[in-house]
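Residues per chain, in single letters:
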Amino acid sequence: MNLEPKTKLALDPYDLYDIRSELSEEERMVQDTVARFTDEKVLPIIGECFDQGRFPRELVPEIAGLGLLGSSLPAEYGCAGMNAVSYGLICQELERGDSGIRSFVSVQSSLCMYPIFAYGSEEQRRRFLPAMARGEVIGCFGLTEPHGGSDPANMKTHARRDGGDWVLNGAKMWITNGNLAHIAIVWAMTDEGIQGFIVEKDMPGFAAQEIHRKMSLRASVTSALYFDNVRVPEANRLPNVKGLKGPLGCLTQARYGITWGPIGAAIACLREANEYAQQRVLFDRPIAGTQAVQIRLADMARRITLAQLLSLRLGRLKDEGRMQPTQVSLAKWNNVRMALDIAREARDILGGAGITVEHVPIRHALNLESVITYEGTETVHQLVVGRELTGINAF
Ligand code: TGC
Ligand code: FAD
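These remarks concern the structure in this document. (Residues numbered from 1 in each chain as written. Chains lettered and ligands numbered in written order. Predicted model: local features only at pLDDT ≥ 70, side-chain atom pairs only at ≥ 80, totals over all residues. Heavy atoms only, no water.)

With respect to helix H3 (residues 84–97)
Thinking step 1. For H3, with 14 residues, the first-to-last C-alpha span of 20 Å sits near the 20 Å given by 1.5 Å per residue.
Thinking step 2. In terms of burial, H3 is a largely internal element, 14 of the 14 residues being buried.
Thinking step 3. Structurally, the start of H3 carries an N-cap: the backbone nitrogen of Val 85 is 3.4 Å from a side-chain oxygen of Asn 83. (Helix = DSSP H or I, 4+ residues; strand = E, 2+ residues; numbered from the N terminus. Expected span 1.5 Å × (residues − 1). Buried < 20%, exposed > 50% of the residue type's maximum accessible area, 1.4 Å probe, protein only. Polar contact = N/O pair within 3.5 Å; in protein donor to acceptor, adjacent residues only side chain to side chain.)

Here we look at the side chain of Arg 363
Thinking step 1. The topology assignment puts Arg 363 in helix H9 (residues 360–371).
Thinking step 2. Within the structure, the side chain of Arg 363 is placed 2.6 Å from the side chain of Asp 98, a separation counted as a polar contact.
Thinking step 3. When sequence neighbours within four positions are dropped, the list of residues in contact with Arg 363 reads Ile 46, Gly 47, Phe 50, Gly 97, Asp 98 and Val 357. (Contact = heavy atoms within 4.5 Å.)

Digging into the site of ligand 2
Thinking step 1. In the vicinity of ligand 2 lie 18 residues, with Thr 144, Gly 149, Ser 150, Trp 174 and Thr 377 positioned nearest.
Thinking step 2. Phe 141 places a polar main-chain atom, nitrogen or oxygen, 2.8 Å from a nitrogen atom of ligand 2.
Thinking step 3. Contact between ligand 2 and Thr 144: a nitrogen atom at 2.7 Å from a side-chain N or O atom of the residue.
Thinking step 4. Protein contacts shield 68% of the accessible area of ligand 2, which totals 980 Å² for the unbound molecule.
Thinking step 5. Of all the secondary structure elements, the ones that give two or more residues to the shell around ligand 2 are strand E3 (165–176) and helix H10 (378–390).
Thinking step 6. Considering every element that reaches the shell around ligand 2, the biggest residue donor is E3, with three residues.
Thinking step 7. Of the residues contributing to the shell around ligand 2, the split by class is eight nonpolar, nine polar and one charged.
Thinking step 8. Both domains that furnish three or more residues to the shell around ligand 2 are identified here as domain 2 (139–236) and domain 3 (245–390). (Near = heavy atom within 4 Å. Areas by Shrake-Rupley, 256 points an atom, 1.4 Å probe, with all protein chains shown as cover. Nonpolar A, V, L, I, M, F, W, Y, C, P; charged D, E, K, R; others polar. Domains from an automatic or database assignment.)

With respect to a nonpolar patch on the surface
Thinking step 1. On the surface, a nonpolar cluster with roughly 500 Å² of combined accessible area is contributed by Leu 11, Leu 16, Tyr 17, Leu 306 and Leu 309.
Thinking step 2. Summarising the element assignment, Leu 306 is placed in helix H7 (residues 291–319).
Thinking step 3. You can call Leu 306 partly exposed: its relative accessible area is 48%. (Patch = residues over 30% accessible without salt bridge, like charges linked within 9 Å, V, L, I, M, F, W, Y side chains within 5 Å. Salt bridge = Lys/Arg side-chain N within 4 Å of Asp/Glu carboxyl O.)

Now the structure itself:
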């Protein structure tokens, strides 16, 4: 029996394995909605925002209106209750626009709303989550400290009990949304181990200072946070977790989304390199007609396809409750590396034109220099996988 298709079907060059057909109708709808938002609202302004070092805060109400903040949390807290694959697709389509927009949503959803949901009291959930889903309360997540982010167990920020309150001292570094945020989820050492606190921006002794002169994630706010005898009431301590597994549990959620995001950035770069190469005529033919450029474009498509399959599989495992942190590490490592390499190569295919933000690859490449460092550096994720294989901790 001949099972070959009768006619050759046209493939989508940016989805060669028709992964979209593996998505449910609802997942496709989420992807289309966010894709439209990115095309209509993000892409027209983002080059200029990057150039000016400005986060487009005016987009937050629409991001919230589309249900993209805390999208996986339940409806009883004003959230959309979507599945993990939908959250991944949200990240992918937003990062097709810019890593900074995806970062904003990752931090709000996975690093701030998730810990309040997973580790907070019912009162904290009701107080914060609906307002955060509406984008009226913005959060940031303070784990990294100036002396070294890869080893958060060695944190110096500490909280001491004082009557019914906690007194917080220390500093956090490289904090996304820091100066935008109304609340900070701050991880601090206590006599009972690491604990999480909801620090409100007007608490005396708390200060956020924006970090300028960045060459990466310029359309995102990054800050240092300082705590000088900040008095935090017991009602603002996250009661249901102690130890490093608290912040690491949040990172697993955010890193999962980050496996999807760079796929969007890579697709944007491949698309632009492909279109440019078809129009750029050198030596009497478009450079897309040379073997060297075709091999490079084909190799980008190959790597994107593998990343798409990896993230979809990871998302299905997450929706079945079977996803393990090591699997997330492997995909974060693979997919960010894939996107960074593709962005740099796409920049090269554009020649001199590739160095301006009129074209997307340089902006994505610069952004991905942060993405490969934050949420665990590439080395950290390689060592997590190595530890899984060998049983030996090489950190
Ligand atoms: P280790 O002994 O391995 O673990 C301590 C406890 O945590 C548990 N655990 C995890 N739980 C959930 N998810 C994970 N991924 C977990 N990894 C470990 C573990 O089971 C253990 O639990 P228990 O009950 O036995 O106590 O800890 P370690 O000190 O050896 O550290 C391991 C290491 C190096 C992997 C970890 O420290 C690490 O991941 N370092 C990197 C830090 C990092 O990623 N920081 C990110 C800061 S946030 C950020 O970058 C936001 S950018 C966002 C944006 O803008 O989009
Ligand atoms: P270090 O930990 O000092 O690492 C330096 C180098 O040493 C790296 O190459 C690393 O891979 C390597 N290294 C570390 N350990 C080993 C080892 N055992 N063996 C070999 N090599 C090793 N943090 C937050 O808490 N919240 C945020 O919202 C946040 N947002 C960020 C936004 C941006 C734009 C950036 C750039 C960072 C952000 N971070 C945030 C911080 C980020 O998580 C850290 O930068 C990251 O974890 C690495 O920490 P570090 O910069 O201190 O580098």
